[in-house]
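The primary structure of each chain is shown beneath.
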Amino acid sequence: MAIRVDSTRQALADKYGSLGTFLGLATDDPGTTAAPAHEASGGSYARVATTWSAQVGGWEQGTACTVNANAGNYTFAVLCSAATGANMIDNCIIDGTVLSSAGQIVLTPAFVQT
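Small disclaimer: the values here were computed from a predicted structure and weren't measured. (Residues numbered from 1 in each chain as written. Predicted model: local features only at pLDDT ≥ 70, side-chain atom pairs only at ≥ 80, totals over all residues. Heavy atoms only, no water.)

Let us look at the packing of aromatic side chains. Evaluation of the coordinates by the stated rule reveals 2 aromatic pairs. For the pair Tyr16 and Trp52, a centre-to-centre distance of 6.1 Å together with 80 degrees between the ring planes defines the contact as edge-to-face. Here Tyr16 is found in helix H1 (residues 6-19), whereas its partner Trp52 is found in strand S3 (residues 52-54), with 36 residues between them in sequence. Judged on exposure class, the residue Tyr16 and its partner Trp52 are both buried. A centroid spacing of 3.9 Å and a plane angle of 10 degrees characterise the contact between Tyr16 and Phe111, whose relative ring orientation is stacked. Residue Tyr16 is located in helix H1, and its partner Phe111 is located in strand S9 (residues 110-112); the two are separated by 95 residues in the primary sequence. For Phe111, a relative accessible area of 18% gives the class buried. Members of the aromatic cluster, connected to one another through ring pairs, are Tyr16, Trp52 and Phe111. (Phe/Tyr/Trp six-rings, centres within 6.5 Å; stacked < 30°, edge-to-face > 60°. Helix = DSSP H or I, 4+ residues; strand = E, 2+ residues; numbered from the N terminus. Buried < 20%, exposed > 50% of the residue type's maximum accessible area, 1.4 Å probe, protein only.)

Here the focus is the sheet that holds strand S4 (residues 59-62). One open sheet accounts for 3 strands, arranged S3-S4-S9; its pairing is antiparallel. The sheet is open, and its two edges are formed by S3 and S9, each paired on a single side. Adjacent strand axes in the sheet meet at a mean angle of 20 degrees when their direction is disregarded. Bridge count between S3 and S4: 3 bridges; the pairing is antiparallel. Paired with Ser53 across the two strands is Gln61, which belongs to S4. (Pairing = 2+ DSSP bridges. Axes fitted to C-alpha atoms, helices over the stretch in contact; angles between N-to-C directions.)

Take it as geometry only, folks, not as evidence of what the structure does.
Structural data, given as structure tokens:
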């Protein structure tokens, strides 16, 4: 059911943003448990903090994050509640990015509650 009351949609979107403030990368589907499978590792890879800001009508926007990554094919972004550990709260498919050597990938998170 779509939520018709704007303030309710926004409250739910705000809550989503408060659950996870760290973005990371995965080379394949990270799954549905708190421990993200296939998360990037090694080199200078680390999850990066984003700051969510409330928009209107159920929209939440995070700041752009530049994530360092080793050479590889990255197909998923992970949203976690901390910089390390088994604390994934969500993930999504991203346009596959292939790095032939160590580099950076920019992620800009957004969430829309309908």
